[in-house]
Amino acid sequence: MAVHSLRTEQRLPVDLKQAWDFFSSPANLSVITPSKMDFRIISKHHGDKMYPGQLIEYTVKPVLGVPLYWMTEITHVEPQRFFVDEQRYGPYSLWHHQHHFREIDGGVEMTDIVHYKIPLGWLGDIANTLFVKKQLAEIFHYRFKKVEELFGTLH
């Protein structure tokens, strides 16, 4: 019944405003999610930019093409520094995802920190070991590559 975590970092050759404008727009979530997951925003009143208290509803097909409903709340926003999304309803018993942005020489460094817990106690821990951890790593790897395609690489 462990809480698991994942941390990724990526450096982009763009300014802070450009990175923030892209990543703080809910519409861009589908751009950086693998197409095989069939990610679709279904909420109608979520707005164009992230703000504290914002609810975003979507469906995603993470396993065997079975659609899952997921609702996240944007709980914290400090423009051009960070925002946090937390699952309110969905497949995890805990999902807390921090998105951090900081200016560095020549661009922006983005850091994602995810804490998550899978339901079903020790069965959830086994599921994490067998496939969830790997699937999350693949999703973030896809995102890394897609963001690199969109913005380039900072050397």
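This text goes with the structure placed above it.
The structure reproduced in this document is the subject of the present report. (Residues numbered from 1 in each chain as written. Predicted model: local features only at pLDDT ≥ 70, side-chain atom pairs only at ≥ 80, totals over all residues. Heavy atoms only, no water.)

## Notes on the pattern of salt bridges
Here is step 1 of the chain: Tallied over the full model, the rule gives 14 salt bridges.
Here is step 2 of the chain: Salt-bridge contacts for Glu109 lead to Arg102; the nearest nitrogen and oxygen are separated by 3.0 Å.
Here is step 3 of the chain: For Glu109, a relative accessible area of 7% gives the class buried.
Here is step 4 of the chain: Between Arg143 and Asp112 there is a salt bridge, with its nearest N and O atoms 3.0 Å apart. (Salt bridge = Lys/Arg side-chain N within 4 Å of Asp/Glu carboxyl O. Buried < 20%, exposed > 50% of the residue type's maximum accessible area, 1.4 Å probe, protein only.)

## What about helix α2 (residues 122-151)?
Here is step 1 of the chain: Helix length check: α2 (30 residues) gives 41 Å between terminal C-alpha atoms against 44 Å at 1.5 Å per residue, within 8%.
Here is step 2 of the chain: Residue Asn128 marks the point of greatest curvature in α2, where the axis turns by about 60°.
Here is step 3 of the chain: Along α2, the residues that are buried comprise Gly124, Asp125, Ala127, Asn128, Val132, Gln135, Leu136, Ile139, Phe140, Arg143, Val147 and Phe151.
Here is step 4 of the chain: Close packing links the buried residues of α2 with β1 (4-12), α1 (16-23), β3 (54-63), β6 (94-104) and β7 (107-117).
Here is step 5 of the chain: Trailing α2 by a residue or two, Gly152 shows a phi angle of about 90°, which is positive. (Helix = DSSP H or I, 4+ residues; strand = E, 2+ residues; numbered from the N terminus. Expected span 1.5 Å × (residues − 1). Bend = angle between axes of the 7 residues up to and from the residue. Contact = heavy atoms within 4.5 Å.)

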